[in-house]
Amino acid sequence: MVCTSCPRKCGVDRFKSIGVCGVGIEPKVAKAYLHKWEEPVISGVNGSGTVFFSGCNLKCVYCQNYLISHNGNGKYITIERLSEIFKELEMQGATNINLVSPSHYVDAIIKALDIYRPNIPIVYNTSGYDSMENLEKLKDYVDIFLVDFKYFSEDLAQKYSNAKNYPEVAKSAIVKMRELQPKEIIENDVMKKGVIIRHLVLPNATDDSIEILKWIKNNIKDPFVSLMGQFTPMHECEKYTEINRKIKPIEYKRVENYMLTLGITNGYTQELVSADSCYVPNFDMEGVEKKS
């Protein structure tokens with residue numbers, strides 16, 4: 001079976017080899033635990049039951065999770081074990097099941113959820129580089145789409161993610177996600193259904209951020225936006241001098257002010273103290289293997 005489900009359409013038989021995503025067909029996981037550093041409506045009190053998948057179909061040069069997205073740290077597990085992880089996180093009191101970088105494992109995730117569907121929301125935490133085919137498959141499985149909108153510029157998308165078509169793919173994906181989850185349902189300060197659009201402000205790219213916010217305002221009804229300022233130069237940033245630094249307060253403030261000018265008030269802005277590598281999880285295989 002050749003893999004064509006993500007926008008890369010690399011055509012690799014992932015039963016026998018690895019795709020552009022860097023992994024085979026079985027789910028590979030680097031950590032599964034209660035994560036308390038997501039948006040408050042996602043983390044809740046106990047934390048989000050977060051499953052960090054290895055590999056990535058986008059592979060941004062500045063990725064904070066590069067140890068798993070680029071280097072492939074993690075362990076291959078069975079679909080049955082993945083379903084057990086969902087149940088274990090639920091039993092630990094997770095606010096939801098949070099699937100991080102899931103785009104290249106959609107079929108495996110669906111099979112795992114068919115084995116065991118937790119009685120808490122399922123969060124699809126994605127870069128936005130998702131195919132219509134996969135999103136359609138997820139319509140009866142995902143309660144919350146937590147989606148990045150990284151670039152409006154094709155040039156930036158090509159330079160930092162080798163994906164010139166990212167802007168158009170992400171726009172189509174976000175519109176589809178809004179169709180699948182047309183409004184936010186929040187109970188007791190915890191999201192049960194909806195779409196959260198994340199945007200990470202990059203150094204020297206505030207014009208691009210403004211174009212993204214403008215598009216969101218004009219194309220997504222009642223958007224819920226998480227504007228992030230946590231950019232920390234990691235992985236290959238030293239090769240790109242223009243992003244080899246944290247963002248400046250004046251850069252973030254310009255974008256934040258524009259968001260408020262547009263009237264986008266649902267969501268979050270971020271304190272710049274969050275731009276610290278200490279917030280990157282330790283991918284130590286916690287929760288991956290079954291305890292004896």
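Reading the values: rules and limits
Residues numbered from 1 in each chain as written. Predicted model: local features only at pLDDT ≥ 70, side-chain atom pairs only at ≥ 80, totals over all residues. Heavy atoms only, no water. 1 Å grid on protein atoms, 1.4 Å probe; cavity = no way out; pocket = protein on both sides within 12 Å on 5 of 7 lines; lining within 4 Å. Points joined across faces, edges and corners; volume = space filled by probe spheres on them. Axes fitted to C-alpha atoms, helices over the stretch in contact; angles between N-to-C directions. Helix = DSSP H or I, 4+ residues; strand = E, 2+ residues; numbered from the N terminus. Parallel < 35°, antiparallel > 145°, perpendicular 65-115°, else oblique. Left-handed = near helix turned anticlockwise from the far one by under 90°. Contact = heavy atoms within 4.5 Å. Nonpolar A, V, L, I, M, F, W, Y, C, P; charged D, E, K, R; others polar. Phe/Tyr/Trp six-rings, centres within 6.5 Å; stacked < 30°, edge-to-face > 60°. Buried < 20%, exposed > 50% of the residue type's maximum accessible area, 1.4 Å probe, protein only. Lys NZ or Arg CZ within 6 Å of the ring centre and 35° of its normal. Core = buried A, V, L, I, M, F, W, Y, C linked by side-chain atoms within 4.5 Å. Polar contact = N/O pair within 3.5 Å; in protein donor to acceptor, adjacent residues only side chain to side chain.

What to know about empty space enclosed by the protein
Item 1. In the structure shown here, the tally under the stated rule is one cavity of 30 Å³ or more.
Item 2. Lining the largest cavity are C3, T4, S5, C6, R8, K9, C10, R14, V20, C21, N57 and H104.

Remarks on the packing of helix α3 (residues 79–91) against helix α4 (residues 106–115)
Pairs of packed helices are described in terms of their axes, by the angle between the two and the distance that separates them.
Item 1. Closest axis-to-axis distance for the α3/α4 pair is 8 Å, and the angle between their directions is 60°. By the criterion of interaxial angle, the relationship of α3 to α4 is oblique. Helix-helix and strand crossings are classified by hand; for α3 and α4 the assignment is right-handed. In this structure, α3 uses I79, E80, L82, S83 and F86 to contact α4, whose residues at the interface are A108, I109, K111, A112, L113 and I115.

Re the layout of surface pockets
Item 1. For the largest pocket, the calculated volume is near 1200 Å³.
Item 2. In this structure, the largest pocket is lined by 48 residues; those nearest its centre are E38, Q64, R198, M228 and Q230.
Item 3. Among the elements of the structure, β5 (122–126), β8 (190–200) and β9 (225–228) are those that each provide at least two residues to the lining of the largest pocket.
Item 4. Looking at the lining of the largest pocket, its residues break down into 21 nonpolar, 18 polar and nine charged.

Re the packing of aromatic side chains
Item 1. Under the counting rule described, the total for this entry stands at 11 aromatic pairs.
Item 2. Pairing F149 with W215 gives two aromatic rings, centres 5.5 Å apart and planes at 85°, and the pair type is edge-to-face. Residue F149 is located in the loop between β6 (144–148) and α6 (154–161), and its partner W215 is located in helix α8 (residues 206–219); the two are separated by 66 residues in the primary sequence. Side by side, F149 and W215 carry an identical accessibility label, which is buried.
Item 3. An aromatic cluster is built from Y62, Y160, F231 and Y240, whose rings are joined through pairwise contacts.
Item 4. When the ring centre of Y33 is taken as reference, the NZ or CZ atom of K31 above it lies at 4.6 Å.
Item 5. Directly above the aromatic system of Y116 lies the positively charged group of K87, at a separation of 5.4 Å from the ring centroid.

Description of the nonpolar core
Item 1. One finds V51, Y62, F149, Y151, Y160 and Y166 to be the most contacted residues of the largest nonpolar core, which totals 73 residues.
Item 2. The dominant element in this core, judged by the number of residues it contributes, is helix α7 (residues 166–180), at seven residues.
Item 3. When residues no more than four places from it in sequence are discounted, the contact partners of Y151 are C60, Y62, L156, A157, Y160, S161, Y166, P167, L202, D208 and I212.

Overview of the side chain of T206
Item 1. Within the secondary structure, T206 sits in helix α8.
Item 2. Residue classification places T206 among the buried residues on the basis of a relative accessible area of 12%.
Item 3. Among the polar contacts made by the side chain of T206, one reaches the side chain of R254 at a distance of 2.7 Å.

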